[in-house]
Amino acid sequence: MYAQIYLNAIQTVTVQVPKNESSGFVNNQQEQWRFKFDKILHNSSQEDVFDHCARDIVKSVIEGFNGTVMVYGQTGAGKTFTMNGSTQNYKYRGVIPRAITQVFQEIGSRFEQEFTVKVSYLEIYNELMFDLISPVPTHEQGGNQISIQDDAKGEIHVKGLTLNVVKNEEEALNFLFEGETNRTVSAHQLNKESSRSHCIYTIHLESKSRLESTEKVVFSRLHLVDLAGSERTKKSGAQGINLKEATYINKSLSFLEQVVVSVCDNKREHIPYRQSKLTNFLKNSIGGNCQTIMIANIYPEPDHVEETISTLKFATRMMKVSNEPIVNVQQDPQLLLKKYEKEIRDLKQELAMHDTLANKGRVQYDPYTAEQQYEIQKLAQQFMDGEVEDIEELNSMRQVKELFAQMKNIFRKLEHDAKNIEARSEGLGGQRQPTQLQDIERRKTMMNSDGVGDLDDIGEFGLGIAPRNLKPVNKIELSKKKEEEIARMQADDDNPPLETEPDDEADSKLEMMRLKKQREAKRKPIDRQQAFIEFKNLPDGRQFEDQILNNRQELKDKKVKVKVLTEQCNNTKKEIDTIKAKLDEKAEEKKKNLREDIAGIDDDDGQGGNGEVQQEIIDEEELSYLQKMKEMKKKYRENYDLLKSLRGEVYYVQQSIDSLKQQLVSQFEDWYTLTFDDDETLSQGGQQKSGRTLQQSTKLIQKQNFIEVGDDEQERREGGEDQEGGIDPDALAFIKAKRKVDDLHKAKKQEKKIQ
Ligand SMILES: Nc1ncnc2c1ncn2[C@@H]1O[C@H](COP(=O)(O)OP(=O)(O)OP(=O)(O)O)[C@@H](O)[C@H]1O
């Protein structure tokens, strides 16, 4: 009697092994094993496997948790098929390509977050580590360049492993296919393409909020692990290299088991993670900061009962492991502040050194004091008076700016004086105007060397006595108006009175006070996310929100139409194919008759036949097929054209939604700046403005692909898979990536042949 494996319930596997009678009557051999799991996936599609085992984990990785999906089991039980799937048909793609699709769909719909996606592909073969997507070919890597390290927080880092930034699904798939072709595979009795190594494809995510300007960055990783198959070397008949590989595989899997046993045993203090590269790598996935799921692949056939029991036992143990996942946020404003302070100090030192090397002497980088401003103004005045030919000591941009500012001040004062003179001369009945205008011009271009007084020969404006308003800037009194305004503001404020100050300082003080007033009118900052909700309820935000909703509805309707039309096209195509097959059949039949006729003529030639071949005629049945074919083709063409233009419309509506989203965020940014006091935000040390400009944030949003996958994702997935002819838009990235990698490998092979 044979052993029997029953997948008899949704969650239970029962293994029945009859007693070996040759061992005699007193025999303690166990006859039955029952294992209970979260789910038994028997005769399930790849989609079901993904939905049950990986979809939730991928989602939580996007939320910021670490995740691991690993497959374990006997050689040839379908681990690689589960993880990678088959590239022969889009339907058969495995967990990894589906996870990639989900990641890009999800991050594309979260426009309030900015994501960076990176991928890596590691292979552990005979306790050596290889980078499957490194620009250096695997066989040239030697296996020692990569090492596993853990940081102070216990996070695992793989030093030397390439992290490739991927902008879209296609790029991530390219690396997957590229890695797949580089992994170590060899023929095995149970699997002609057996993976002889453990392979880990990792998706690394980094996300930042676009609405909340904090230094908060969320890091998460999704490890997709295809373990090498456990096997019994005796049974597999492994020899030579295969035996060595099998020994390494079995050893590392047994270390994995030891780790799992230790993690489950609360009394154990030491967990032997470091025993092997695999366990070291999976440290966080087993009992650490990670959500982990293990898929146990079995051959439910009597021949493999021992391996099945062993796999199921391991899976049961694995279920007892409890992990503690947390969102991996990295945020420390204090540290950031310290970091920036240090950066400023270092940069100042760097600048000082740079200035010394450039023989610039000491360059001013701190704000100018009033005295220094006065010195610069004097210099500007001397230059304008022609007393100095050139201003030589300009050695920084700041100095140049200050010089221009002071020149502007001088010019304004001159203008102001000119107006006063004009007004006064008008008061005197408009006489002597020409002289006064000349005087103004003269003053504008020629200033007295010490900035005071007029030349004696000018006339009645005071021989050698400086007019009040030509006094040096820092000694000029405040104009009455400004004094009054400042006094009013101070009175409102209960602030201490201002000292009497020179005109330009009064200007800036006035400006500062105005700004202060403005700021005080602003509200205390609230969480940007909350502010965004508030903004969407205001008329300005509402209008965008409404437009987005309308467009979404339109998009949904159009997609339903696309689905219906796609189905119609596919059905028509099927009908065309059926008619074509019938016509082919007919043609074949005719050919056969023709051949028989010709043979008949040959025979008849000798026997005096009439020698005529029957003319090719179209019978009624054929004619009706041809007419039907014509109709069908016409219908197909019409529907196809409609479908094409409808797809164009879908694309257009999607673009409109993207653009509305960008506008909404831009308007929100403006509103936020005007409504909330950003300085306060800074002083709170919390959500300071990121320094990201509006343009930048809009650009960032532009970069994202806002494909609406929310409500209608399922419908897209169901309806999109054209069975005949048409290409499922979801499959496009997959097909393109596969082709690209295939082409690359063909080219490489060709190159090798030529060499
Ligand atoms: N669910 C399935 N549907 C169709 N074919 C499958 C399925 N599972 C596995 N196969 C096929 O069985 C063969 C062995 O599967 P696979 O390579 O995935 O096994 P494995 O467990 O990864 O083996 P190894 O440990 O030796 O690498 C492959 O040809 C694969 O295409």
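Details of the structure are given in the entry above.
Residues numbered from 1 in each chain as written. Predicted model: local features only at pLDDT ≥ 70, side-chain atom pairs only at ≥ 80, totals over all residues. Heavy atoms only, no water.

## Examining the nonpolar core
Part 1 of the argument: Counting residues in hydrophobic clusters, the biggest one holds 43 residues, and the most contacted among them are V15, M70, L122, L227, L256, L282 and I286.
Part 2 of the argument: Listed by contribution, the elements that provide at least two residues to this core are strand 2 (12-16), strand 3 (32-36), strand 4 (67-73), strand 5 (113-125), strand 8 (156-159), helix 8 (240-264), helix 9 (277-281) and helix 10 (305-319).
Part 3 of the argument: When residues of this core are assigned to domains, at least three map to each of domain 1 (1-36) and domain 2 (43-328).
Part 4 of the argument: Among all residues touching V15, those that are not within four sequence positions of it are Q4, I5, E31, Q32, W33, F35, V305, I309 and L312.
Part 5 of the argument: Core analysis: the next-biggest nonpolar cluster, separate from the first, contains 42 residues, F50, I57, L222 and A733 among them. (Core = buried A, V, L, I, M, F, W, Y, C linked by side-chain atoms within 4.5 Å. Buried < 20%, exposed > 50% of the residue type's maximum accessible area, 1.4 Å probe, protein only. Helix = DSSP H or I, 4+ residues; strand = E, 2+ residues; numbered from the N terminus. Domains from an automatic or database assignment. Contact = heavy atoms within 4.5 Å.)

## A closer look at the pattern of salt bridges
Part 1 of the argument: Scanning all chains against the criterion turns up 20 salt bridges.
Part 2 of the argument: Ionic pairing is found between D546 and R542, a salt bridge with its closest N-O pair at 2.9 Å. Placement of both D546 and R542 in helix 18 (residues 539-607) is noted, with a separation of four residues, approximately one turn of the helix.
Part 3 of the argument: R542 sits in the partly exposed class, given a relative accessible area of 30%. (Salt bridge = Lys/Arg side-chain N within 4 Å of Asp/Glu carboxyl O.)

## Regarding helix 6 (residues 169-182)
For an α-helix, 3.6 residues make a turn, and residues three or four places apart therefore share a direction.
Part 1 of the argument: Between the first and last C-alpha of helix 6 there are 20 Å, a value that for 14 residues agrees with the 20 Å anticipated at 1.5 Å per step.
Part 2 of the argument: Turning to helix 6, its buried residues are E169, E170, A172, L173, N174, L176, F177, E178 and G179. (Expected span 1.5 Å × (residues − 1).)

## Structural notes on empty space enclosed by the protein
Part 1 of the argument: Enumeration over the complete set of coordinates arrives at three cavities of 30 Å³ or more.
Part 2 of the argument: In this model, the second largest cavity occupies a volume close to 60 Å³.
Part 3 of the argument: In this structure, the second largest cavity is lined by I124, Y125, N126, E127, R196, S197, H198, Y248, I249 and S252.
Part 4 of the argument: Broken down by secondary-structure element, the contributors of at least two residues to the lining of the second largest cavity are strand 5 and helix 8.
Part 5 of the argument: Top element by residues in the lining of the second largest cavity is helix 8. It accounts for three residues. (1 Å grid on protein atoms, 1.4 Å probe; cavity = no way out; pocket = protein on both sides within 12 Å on 5 of 7 lines; lining within 4 Å. Points joined across faces, edges and corners; volume = space filled by probe spheres on them.)

## Observations regarding the site of the ligand
Part 1 of the argument: Residues in close proximity to the ligand total twelve residues, the closest being K79, T80, F81, S194 and S195.
Part 2 of the argument: K79 is positioned with one of its side-chain polar atoms (N or O) 2.7 Å from an oxygen atom of the ligand.
Part 3 of the argument: The fraction of the free accessible surface of the ligand (620 Å²) that becomes covered by protein chains is 63%.
Part 4 of the argument: Contributions of two or more residues to the shell around the ligand are made by helix 3 (79-83) and strand 11 (194-195). (Near = heavy atom within 4 Å. Polar contact = N/O pair within 3.5 Å; in protein donor to acceptor, adjacent residues only side chain to side chain. Areas by Shrake-Rupley, 256 points an atom, 1.4 Å probe, with all protein chains shown as cover.)

## Observations regarding the sheet that holds strand 2
Part 1 of the argument: If you trace the three strands from one edge of the open sheet to the other, you get 1-2-3, paired in antiparallel fashion. Strand pairing shows two members of the sheet lacking a second neighbour, strand 1 (4-6) and strand 3, which therefore form its edges. The mean inter-strand angle of the sheet, taken between neighbouring strand axes irrespective of direction, is 15 degrees.
Part 2 of the argument: When strand 1 meets strand 2, the two strands line up antiparallel, connected through three bridges. If you follow Q4 over to strand 2, its bridge partner there is Q16.
Part 3 of the argument: Seen against the sheet, helix 10 touches strand 1, strand 2 and strand 3 and runs at an angle of roughly 40 degrees to strand 3. (Pairing = 2+ DSSP bridges. Axes fitted to C-alpha atoms, helices over the stretch in contact; angles between N-to-C directions.)

## Some words on the packing of aromatic side chains
Part 1 of the argument: Counting across every chain of the model gives twelve aromatic pairs.
Part 2 of the argument: Between F668 and Y672 the ring centres are 5.8 Å apart and the planes differ by 55 degrees, which places this aromatic pair in the tilted class. One end of the pair, F668, and the other, Y672, are both in helix 19 (residues 620-675), four residues apart, so they sit about a helical turn from each other.
Part 3 of the argument: The class of Y672 is buried, set by a relative accessible area of 1%.
Part 4 of the argument: Through a chain of ring-to-ring contacts, three or more aromatic side chains come together here, namely F532, F535, F668, W671, Y672 and F676.
Part 5 of the argument: Above the plane of the ring of Y90 lies R93, whose end atom (NZ or CZ) is 3.8 Å from the centre. (Phe/Tyr/Trp six-rings, centres within 6.5 Å; stacked < 30°, edge-to-face > 60°. Lys NZ or Arg CZ within 6 Å of the ring centre and 35° of its normal.)

## Re the packing of helix 2 (residues 55-63) against helix 4 (residues 95-109)
Part 1 of the argument: Look at helix 2 against helix 4: their axes get within 10 Å of each other, and the N-to-C directions meet at 45 degrees. Put simply, helix 2 runs oblique to helix 4. Between helix 2 and helix 4 lies a crossing whose hand is right-handed. Two secondary-structure elements touch here, helix 2 through R55, V58, K59 and I62 and helix 4 through A99, Q102, V103, E106 and I107.
Part 2 of the argument: Across the contact of helix 2 with helix 4, the residue classes tally to five nonpolar, one polar and three charged. (Parallel < 35°, antiparallel > 145°, perpendicular 65-115°, else oblique. Left-handed = near helix turned anticlockwise from the far one by under 90°. Nonpolar A, V, L, I, M, F, W, Y, C, P; charged D, E, K, R; others polar.)

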